[in-house]
Amino acid sequence: MYFKNMHRFWTNTIGFMLILVFIGLAVNLCRIQVLEHDKYLKLAKAQQSKKVTLSARRGLILDRNGRKLAESLRVGSVYANPSAIKDVSVVASHLSKVLHLDPSKVSAKLEKDKKFVWIKRRVSDEELKEIRKLSLQGVHIEHEYQRFYQNGPLGSHVIGFTDIDENGLEGIELSCNQTLLGEPGYKRMYRDAQQSNILTADTEMRRPRHGNNVMLTIDANIQRFAEEELENLGKTWSPASATAIVMDTSTGEILAMANLPAYDPNNVGKYPASARKNLAVTDYYEPGSIIKPIVLAGIFENKLARPNDMINCENGRYVMGKRILHDSHRYDTLTVAEIVTHSSNIGMAKLGMRMGIERMYRHLEQFNFGNKSGIELSGEQAGIFRPLKSWSKQFSLVSVSIGHEIAATPLQFVTIFSSIANGGLLLKPVIIKSITGNDGKVKEEYNAPQVIRRVMSEEVARDLLNPILVDAVRNGTGKRAFLAEYEVAGKTGTSQKVNKSDGRYSRNKYIASFVAYAPAENPRICVLIMVDEPKGAYYGGTVAAPSVREIIRKTLQYLEVEPLKLKMAMH
C-alpha cells in the first residue's frame, strides 16, 4: 500500500511538473511569436537576407547646347565581409595580386571585427572578371558610379569636382549638389543554407531616384576660345594667374569663365589647391583705370562735364597737397573724352573731384560694389567698398576716381561694364540655364535677363560713353584690341598691387586688365581679362588686350555675327 501511494505521488508530481514546463514553454512561445515577433523576424532576416544598396546616378552637367561636361559612369567596387572569411591570409593574397594592393594592408582590413569593409573602389573591368573567377567566400562586388569629365580641364573651375562618394566639393558640383545627387534605392537579397543569393517573387525593392541634370549658360566652344587665349597669354607673360570671362551683354549669361592655372577634375589630387580656385569669383582686385568709364558715367549723369570740355592735365605731373599724381605720358590739355582714351589719371582725378565724396559714393554704390552678385557658384567674395564714413576727405575721392581704395572680382567688373554695352542696365550674372529631370522635362528655368536696376541713362551709355570707348580702342591705350571685322569698345587697366607686408603699393607687381564689348553698334558680348603679376610687361593694353581681341573675334564669328565690312558693302 505504501509503495502504491508513493508511486501515485511521484506520478502526480512529475505530471504536474511536466504541465508547468509545457505552460512555461507555451508562455515563452507566445512571447516570442507575439510580443517579440518583430525582434526575431529581424534576426531571421539578417541571417537569411542582405539589404543591397542601389546607387543613384548623379545628374549630368551640360553646356547651353546640351553637350556633356560631367556625367557618372557605372563601375564596380570590391568589398568584403570579414566575419565570413575563414582563411584571411589566402584571401588577402588573392585580392592583393588581382587588385595590385599591399598584402599587409588587405590583411589588416580583413581582420577587422566588421561585416563590411571596402577593399578597392572603382576597379577596372579586367580586375572585376578576375575577382568573379576566384569566387572568394566573403568577398563581393558592388556597382556604383564614378564621376567623369569628358573634356578634361575644359570649364573645370566652373564645373568643379566630387569626392569618391560623388559629393560635390567645388564649383557647380558643390553649389548644386542636392539637385545633382538623387536618392539611392535598395533591394533585399535572400540566401539559402549555402549563403547563395536567391530571388523570390516578392523581393523587397525600392528603385533609386537618379539626380537631376544642370544645364549651364556656358558654351563649350566659347569656353575653349577663352582657355586657349589664356594659355597663349601664359606662355608669353608667365603671370601668377589670369582670368577670362565672356558675358552676354543683353542677358547677363556667362558664356565662358576660365582661369590660369587650370586643372583636370579627373585627377584632382595632382594639382595644388591654388590651381582649383575659381579666381573669377574668389579673388578681388583694385580695378585701376577700367573704372574710369564708370566714374565718367556719373560725371555725365550729373552734367558736370561734356565730352569735348578741355581739362589741364598738368604735363604729366600734378601736386595735390601731400600727394603727387603722374601720368604714363605727358599731356598738356585733353578733352574729357581723350582723358579716357589716353587713360590720364590727372584728368580723371580732376573730374572726380567735381563729384564730391557723397555723390561719388552714391553713384558707385548703385553698381553693387562690395556686394556678392549671387551667382550660383561656390566661394564668391564681395570685394571691397568701404562705407562712406571711412572715406578720407583728402585722398579717397581721387583714389576711387582712378581705381584705388575699391576692389571687385572679375565677375563683378564684367557685369558692371556690361551695363554700358546694354544701354545702362545692371543685370544679375547667370550661369545656370535650367534644371531638367531624367525624362528631359524642365523642372526649373532660370530666366534672363534679371535686371537689378538702371545705373545710367541710355543716352549716357550709348551716345556719350560708347563713342569714347570705341576711340580708346581705335586711337588710345586699347589699340591692340582693334579688329577690322568688328567695332570694339573697351578700356585698359593697370593697377599696382598692395604689399601684404607693409600695406604699401608695390613697384614691381601689377594687375593688367582689359575689358571690351562688341560689336560696338549692337553689343553681343563683353569680354574681360585680368592678369595677375605678368612678367616682361604690365600694361593692360599690352598684356591683356590682344587676348581679348582674339576671344571677341572667334566668338562673334562662331555666333555668326555679320562682319563690319560685309555690312558696309551691303549698304
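Quick summary incoming for the structure in this document. (Residues numbered from 1 in each chain as written. Predicted model: local features only at pLDDT ≥ 70, side-chain atom pairs only at ≥ 80, totals over all residues. Heavy atoms only, no water.)

Right, let's talk about the overall build of the protein for a bit. A tally of helices and strands in the protein yields 20 helices and 22 strands. Taking the contacts inside the protein whose residues are at least 6 apart along the sequence as the reference set, 71% of them involve residues at least 24 apart. A total accessible area of about 28,200 Å² is found for the protein, and carbon and sulfur atoms account for 52% of it. (Helix = DSSP H or I, 4+ residues; strand = E, 2+ residues; numbered from the N terminus. Contact = heavy atoms within 4.5 Å. Areas by Shrake-Rupley, 256 points an atom, 1.4 Å probe, with all protein chains shown as cover.)

Here we come to the nonpolar core. Among the nonpolar cores identified, the biggest contains 89 residues, and Ile 172, Leu 296 and Phe 369 are the most heavily contacted of them. Broken down by element, this core gets its largest block of residues, seven residues, from helix α16 (residues 410-421). With near-sequence residues (within four places) excluded, Ile 172 lies in contact with Ile 61, Val 158, Ile 159, Asn 177, Leu 180, Val 214, Leu 216, Glu 376, Leu 377, Ile 431 and Ile 432. The next biggest cluster of nonpolar side chains, apart from the first, holds 35 residues, and it includes Ile 222, Ile 525, Ala 544 and Val 561. (Core = buried A, V, L, I, M, F, W, Y, C linked by side-chain atoms within 4.5 Å. Buried < 20%, exposed > 50% of the residue type's maximum accessible area, 1.4 Å probe, protein only.)

This brings us to empty space enclosed by the protein. A probe as big as a water molecule, rolled over the atoms, marks out the empty space that is left. Going through the model one piece at a time under the given rule, you end up with two cavities of 30 Å³ or more. Looking at the largest cavity, its volume works out to about 80 Å³. As for the largest cavity, its lining consists of Phe 367, Asn 368, Asn 371, Lys 372, Ser 373, Gln 412, Thr 415, Ile 416, Leu 426, Pro 429 and Ile 452. A per-element tally of the lining of the largest cavity places α16 first, with three residues. Looking at the lining of the largest cavity residue by residue, the classes come out as five nonpolar, five polar and one charged. Counting residues per element, the ones that place at least two in the lining of the second largest cavity are β10 (241-248), α16 and β16 (425-427). Looking at the lining of the second largest cavity element by element, the count peaks at three residues for α16. Residues of the lining of the second largest cavity, tallied by class, amount to three nonpolar, six polar and one charged. (1 Å grid on protein atoms, 1.4 Å probe; cavity = no way out; pocket = protein on both sides within 12 Å on 5 of 7 lines; lining within 4 Å. Points joined across faces, edges and corners; volume = space filled by probe spheres on them. Nonpolar A, V, L, I, M, F, W, Y, C, P; charged D, E, K, R; others polar.)

This next bit is on the sheet that holds strand β11 (residues 254-260). Taken in spatial order, the five strands make up an open sheet running β11-β10-β22-β21-β20, and their pairing is antiparallel. Unpaired on one side and paired on the other, β11 and β20 (489-498) mark the two borders of the sheet. Neighbour to neighbour, the strand axes of the sheet diverge by 10° on average, direction disregarded. Two strands pair when backbone bridges link them, and β10 and strand β22 (residues 525-532) are joined in this way by eight bridges, in the antiparallel orientation. For Val 246, the partnering residue across the bridge sits in β22 and is Val 527. Sheet contacts for helix α9 (residues 220-237): β10, β11 and β22; angle to β11, the most-contacted strand, approximately 25°. Together, β10, β21 (505-518) and β22 form the strand contacts of helix α19 (residues 545-558), whose direction differs from that of β22 by roughly 150°. (Pairing = 2+ DSSP bridges. Axes fitted to C-alpha atoms, helices over the stretch in contact; angles between N-to-C directions.)

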